[in-house]
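Okay, here's what each chain looks like letter by letter:
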There are 2 protein chains.
Amino acid sequence: MRALEFWFEFASTYSYLAAMRVEDLARAAGVPVVWRPFLLGPIFAKQGWTGSPFTLYPAKGRYMWRDMERLCKAEGLPFRRPSEFPRNGLLAARIATAADGQEWLPEFVRRVFRANFVDDQDIADRQLLAALSSEEWLARAEAAETKDRLRERTLEAERRGIFGAPSFLVGDELFWGNDRLAQALAWARES
Amino acid sequence: MRALEFWFEFASTYSYLAAMRVEDLARAAGVPVVWRPFLLGPIFAKQGWTGSPFTLYPAKGRYMWRDMERLCKAEGLPFRRPSEFPRNGLLAARIATAADGQEWLPEFVRRVFRANFVDDQDIADRQLLAALSSEEWLARAEAAETKDRLRERTLEAERRGIFGAPSFLVGDELFWGNDRLAQALAWARES
């Protein structure tokens, strides 16, 4: 049995689906989860994309919204298409990076995703994020050390083959997309 | 209950996975299948892609080969990474277009996919395709009417929101990717 690394980006719709489900499913499988916030922007930029593939490729974007609707309904998860997409998840990712290993991290992550994809709130907003964590953690999030760590995490994601979110790593074995969560957990359990 | 339209491209790895499974799964679900060959090239070109995303984006490509290996193993399907990718599926798609509604079409489609992704054969080869169909059907494939029909099919795919392969349509409801086959069949059954 090995740990499952859950790599996610706060702007990503399919990361929302995975973030809401990973803890319960991993517990049922007896697999520990390592939460790994990272930024897709720099990885997309190196592929020559100036934004989200869902805005760059309109047909893909239209499909994604419909797919999200169907999947959330099937999973019993609330979902509202946000009025702005993709939102800037940088500060939220910095808080999650600073909070590495904290017991409250998974619940903070879910709250940010719900703010974005259920309550249509601006997850770049300092006040919202302070309410979801604390002023103290905001200060840690903005420390140079945290900024560096998130930058390094994003480089690590790229080095390890990640090109989209959510992604799951079990050792070197990469699984891409919310659709692969069950398969990744089975891999972790059997490794 | 409605029919499932199965839109596929002979060069596409994930279309191989779907093509090998769709007939049995649809039969079990009591859903009729309409086989719809089309060409991804013109659709990708309109998105500004000069080739397959799996060659344009190397990290995505490396992942896809590993993902295919795992998925084929899990489904009990043979798979060998072809020495050339993507292969040119134009002539095969023309034969499949000419053979619309023929009883032997599904088996022909599977044979072409196996030639590409199991036996590492060049599916653009006239002789191979004659052996998998017949000289008579090759002649029909190359008739102007068939060429026009395939061109029209590809435009239809785009009009109906298709941006990748395989895709499944149940009326206007679009499902993208081999991963959505079960969901698409459930939709067809319940419609």
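Residues numbered from 1 in each chain as written. Chains lettered and ligands numbered in written order. Predicted model: local features only at pLDDT ≥ 70, side-chain atom pairs only at ≥ 80, totals over all residues. Heavy atoms only, no water.

**Here's the deal with the pairing of strand β1 (residues 4–8) of chain A**
On a regular strand, each side chain points to the face opposite its neighbour's, so the side chains alternate between the two faces of the sheet. Residues and elements named next belong to chain A. Summarising burial for β1: five of the five residues are buried, a large majority. Burial of the side chains of β1 extends over both faces: Leu-4, Phe-6 and Phe-8 are buried on one face and Glu-5 and Trp-7 on the other. Of the pairings in the sheet, the one linking β1 to strand β2 (residues 33–37) comprises five bridges and is parallel in character. Considered in β2, the bridge of Phe-8 is made with Pro-37. Taken together, β1, helix α1 (residues 13–29) and β2 constitute a β-α-β crossover, and its handedness is right-handed. As paired strands, β1 and strand β3 (residues 167–170) are joined by three bridges and run antiparallel to one another. Following the sheet pairing, Glu-5 is matched in β3 by Leu-169. (Buried < 20%, exposed > 50% of the residue type's maximum accessible area, 1.4 Å probe, protein only. Helix = DSSP H or I, 4+ residues; strand = E, 2+ residues; numbered from the N terminus. Pairing = 2+ DSSP bridges. Right-handed = clockwise from strand over helix to strand, strands pointing away.)

**Description of the environment of Leu-129 of chain A**
Residue and element names in this part refer to chain A. With respect to the helices, strands and loops of the structure, Leu-129 is situated in helix α7 (residues 126–132). Distance in space between the C-alpha atoms of Leu-129 and Leu-91 is 8.1 Å, their sequence separation being 38 residues. Residues in contact with Leu-129, not counting those within four places in the same chain, are Leu-91, Ala-92, Ile-95, Phe-108, Val-112, Ile-123, Ala-124, Ser-134 and Leu-138. (Contact = heavy atoms within 4.5 Å.)

**Considering the sheet that holds β1 of chain A**
Residue and element names in this part refer to chain A. Read from one edge of the open sheet, four strands run β2-β1-β3-β4, paired in mixed fashion. In this open sheet, the two strands that pair with only one neighbour each are β2 and β4 (173–176). Across the sheet, the mean angle from the axis of one strand to that of its neighbour is 20 degrees, orientation sign disregarded. (Axes fitted to C-alpha atoms, helices over the stretch in contact; angles between N-to-C directions.)

**Examining the sheet that holds strand β2 (residues 33–37) of chain B**
Residue and element names in this part refer to chain B. Strand order in the open sheet formed by four strands is β2-β1-β3-β4, with mixed pairing between adjacent strands. Both outer strands of the open sheet, β2 and β4 (173–176), are each paired with one neighbouring strand and no more. Across the sheet, the axes of successive neighbouring strands diverge by a mean angle of 20 degrees, strand direction being ignored. Sheet topology places strand β3 (residues 167–170) next to β4; four bridges connect them, and they run antiparallel. By the bridge assignment, Leu-169 is partnered in β4 with Leu-174. The strands touched by helix α6 (residues 105–117) are β1 (4–8) and β2; relative to β2, the strand with the most contacts, the crossing angle is about 45 degrees.

**A look at the interface of chain B and chain A**
Listed by partner, the interface residues are 20 residues for chain B and 20 residues for chain A. Both sides together, the interface formed by chain B and chain A hides about 2000 Å², and carbon and sulfur atoms give 51% of it. Counting the surface chain B buries against chain A, the share from its top three residues, Tyr-63, Arg-70 and Arg-180 of chain B, is 29%. Where chain B packs against chain A, one counts eight salt bridges. The closest approach of N and O atoms between Asp-179 of chain B and Arg-180 of chain A, which form a salt bridge, is 3.1 Å. The interface formed by chain B and chain A contains 14 residue pairs in polar contact (both at pLDDT 80 or more). Elements that contribute at least two residues to the side of chain B that touches chain A include exactly α4 (58–75), β4 and α10 (181–190) of chain B. With seven residues, α4 of chain B is the single largest residue contributor to the side of chain B that touches chain A. (Buried area = accessible area lost by both parts, 1.4 Å probe. Salt bridge = Lys/Arg side-chain N within 4 Å of Asp/Glu carboxyl O. Polar contact = N/O pair within 3.5 Å; in protein donor to acceptor, adjacent residues only side chain to side chain.)

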